[in-house]
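So the chains spell out like this:
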Amino acid sequence: MELSIGWLYPNLMSTYGDRGNVICLQRRCEWRDIPVVVIPLDRTTEAEKIALVDLIVGGGAQDRQQEIVMRDLQGAKAETLREKLQQGTPGVFTCGSPQLLGHYYEPALGQRIEGLGLLDLVSKHPGINAARCIGNLVFEITAEPLATELKALWGDTPIAIGFENHGGRTYLDTVQPLGKVIQGYGNNGEDGTEGAFFHNAIATYSHGPLLPKNPFIADWLIKTALQNKYQTSIQLSKLENSLAYAARKAMLQNLGLRNLVTTRDEQ
Amino acid sequence: MKISDRVRLSIAVGIAKIVTNIVRSLKLGAASVLPGSISRRLHPRLLSLLFEQIKQGVILVVGTNGKTTTSLLLKTILENQGYKVTHNASGANLINGLTAALLADADITGKLDSDYAILEVDENVLPLVLKDCQPKYILGLNLFRDQLDRYGEVDTIAQRWGNAIATLPESTTIVLNADDPTLAYLGQNLKQRVIFFGLNEPELYLEAIPHAVDSIYCPSCGHLLDYQGVYLSHLGDYKCPSCGFAKSETAINSQEWSQILIGVYNKYNTIAAGLLALEIGIEKELIFDAIKNFKAAFGRAEELTIDNKHIRILLSKNPVGMNETIRAVKDIQQQGKASVTLLVLNDRIPDGTDVSWIWDTDTEQLVQQGGTLIVSGDRTYDMALRLQYSGEELEESARPFQLIIEEDLSSAINKALSLTSVEETLHILPTYSAMLEVREILVGRKIL
């Protein structure tokens, strides 16, 4: 049993510590003795290589870098990525990446950038003078069947904790939101939704990075990827999570959300 | 100066000085910001009236990392020559901090008799300062990713610098880091006199470009830059294979220069201050003397001895800065002169409220080196988690390093000191506000 993680444009799309998601997935495999490889999916990568990965991670980007990515992710490469996600390859896409997966992104300045059109959502920047959405972000994951599966893994309501920092606002159409905002702005600061969930792709504005402090999401991604790959039910061995619990508890207390500290976090 | 200006200036300065005395006598801090804020309300042209009086000229030092150390070295070089220098020594580098520094050296009527003002300026504030000030020199050190929760992106900042500098007279001298593509490009497009410093020491090249890098793309055409070698982050010897953009020629040969403190980043700080001092007309030998005898600014590779234990504080406030301090600490550990490192992570406004940047640093290097790692600060557990994920083994017994978690900073420092032997140096890697706290605990006095 082994896992290959495809990392979208590591040099262009990893502005806010999103590399932590890759590190987290990689280590949680290694700590379980599951062989793991991380494959950078960048401008030199052929579409055939994208087809081989079991799990996909994409991070945030500055506007200029995002444009370079959008220009590169065309044709066969775009088609392969689209197909994979439609077939249920799990992935976690942060900030700029969901904008990339939606219909389009309208930056503060310049032309609308077309996305892959995979997620039924659009993203718009309200203008250079509009305030960015910045701060700690806490949300409950409500998308199904993800929420039920996470609950089974975590033993409690899946509350995700992260940090958001985005100028663009995202508006969902038919795609399911990933969750509902408890603290912070989420997709647009208006409708209380955060992120989107499509097949097994998790799209979110939550940096932090997302996975180390929410290890149940990391384990869900690994489990789902392995189940898809080997077409059999997988039980991951339990890992010790006490530092993640402590970090979660400290943040929830700090935000005055003491009531959300679960029995899990107390361990 | 008009009489009316003189009178109003005098009132503003007088009140600012009273505020300073109150703040200091109540031991509220060193009064490095508040007097500036109050007096600027009393006199909106205050800053430019103060700037105009500096006899030889104003030197502004900008960049993400190294401002405080570089300014201090330059100040030392100038003071050794007998010049009187005004300087924002406390590192308060927003408008109110600059105003307070100038006020501190003015007499009660607002008169200043400094030869030079060396002011470190926050990278985001430079355009604002240039509205009130016509500096004689601007020294641009580098632009890295720092506090993106507060600031824009590196490209945007460089563009805003360029626009602001374009309004200055052509007699202004701009000293820039040629090894930083963003700054080299900026300099190549200015009409002012521009001179460059940079390294030409391939033996200092890193093995690979670190992850925490922003500008590996050509600022002119967007093509991937071709690096012959990297000194730190994206600073190196490069050219663009597409449009021909390349590192500018440097005005000095870095190989002839020794350096202050430790780490490659301080070599940059040394040659930056050195080149500007040469430009002012100070003899090389005299500059070399100042380099040899230099003492660190607070928290910047500053060394202290407490209870017979040797301590070095290495401010680590962003991925590039922290990667470089880790590189320096690792070097010292390999020589067997250190084994305990204390990391203090805060998330207050001066630190940036987003701590995700710690995942862009290569803490794996520190963990591989082994020894004892102690974590503390507002975000103790976030740092602990980062270190846990830096290790190949999850089992504590299988790790090459010992991880100690101590939320209370005083206890963490005591623990770190007790684990450090008298032959070794304890390294403390704090964020900005954490550095002030660490120093307060160690020295028993507030700086800001």
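Residues numbered from 1 in each chain as written. Chains lettered and ligands numbered in written order. Predicted model: local features only at pLDDT ≥ 70, side-chain atom pairs only at ≥ 80, totals over all residues. Heavy atoms only, no water.

Peer 1: Could you clarify how one ought to interpret a nonpolar patch on the surface in this entry?
Peer 2: Residue and element names in this part refer to chain B. Together, I3, V7, I11, I15 and L42 make up an exposed nonpolar region whose accessible area comes to about 440 Å². You can see I15 is positioned in helix α1 (residues 3-25). I15 sits in the partly exposed class, given a relative accessible area of 33%. (Patch = residues over 30% accessible without salt bridge, like charges linked within 9 Å, V, L, I, M, F, W, Y side chains within 5 Å. Areas by Shrake-Rupley, 256 points an atom, 1.4 Å probe, with all protein chains shown as cover. Salt bridge = Lys/Arg side-chain N within 4 Å of Asp/Glu carboxyl O. Helix = DSSP H or I, 4+ residues; strand = E, 2+ residues; numbered from the N terminus. Buried < 20%, exposed > 50% of the residue type's maximum accessible area, 1.4 Å probe, protein only.)

Peer 1: Even after reading the chapter, I still don't get the domain arrangement of chain B, so can you show me in this structure?
Peer 2: One widely used convention gives an interface's size as the accessible area the parts lose upon coming together. Residue and element names in this part refer to chain B. Taken domain by domain, chain B consists of domain 1 (46-292) and domain 2 (300-443). On a C-alpha basis, the centroid separation for the pair domain 1 and domain 2 is 28 Å. Domain 1 puts 26 residues into the contact, and the matching count from domain 2 is 24 residues. Counting each side, the surface lost to burial between domain 1 and domain 2 is near 1,800 Å², with a carbon and sulfur contribution of 52%. The tally of links between domain 1 and domain 2 comes to zero salt bridges. If you look at where domain 1 meets domain 2, you find five residue pairs in polar contact (both at pLDDT 80 or more). Put simply, the parts of the chain that give the side of domain 1 that touches domain 2 at least two residues each are α4 (67-80), β7 (226-232) and α9 (264-280). A breakdown of the residues in the side of domain 1 that touches domain 2 according to their chemical character gives 11 nonpolar, 10 polar and five charged. (Domains from an automatic or database assignment. Contact = heavy atoms within 4.5 Å. Buried area = accessible area lost by both parts, 1.4 Å probe. Polar contact = N/O pair within 3.5 Å; in protein donor to acceptor, adjacent residues only side chain to side chain. Nonpolar A, V, L, I, M, F, W, Y, C, P; charged D, E, K, R; others polar.)

Peer 1: How do you make sense of the packing of helix α1 (residues 19-30) of chain A against helix α8 (residues 215-230) of chain A when you look at a structure like this?
Peer 2: Residues and elements named next belong to chain A. Running from N to C, α1 and α8 point in directions that differ by 70°, and their axes come no closer than 10 Å. Here α1 lies roughly perpendicular to α8, going by the angle between them. Two packed elements cross with a definite hand, and for α1 against α8 that hand is right-handed. Here C24, L25, R28 and C29 of α1 come into contact with α8, specifically with P215, A218, D219, L221 and I222. (Axes fitted to C-alpha atoms, helices over the stretch in contact; angles between N-to-C directions. Parallel < 35°, antiparallel > 145°, perpendicular 65-115°, else oblique. Left-handed = near helix turned anticlockwise from the far one by under 90°.)

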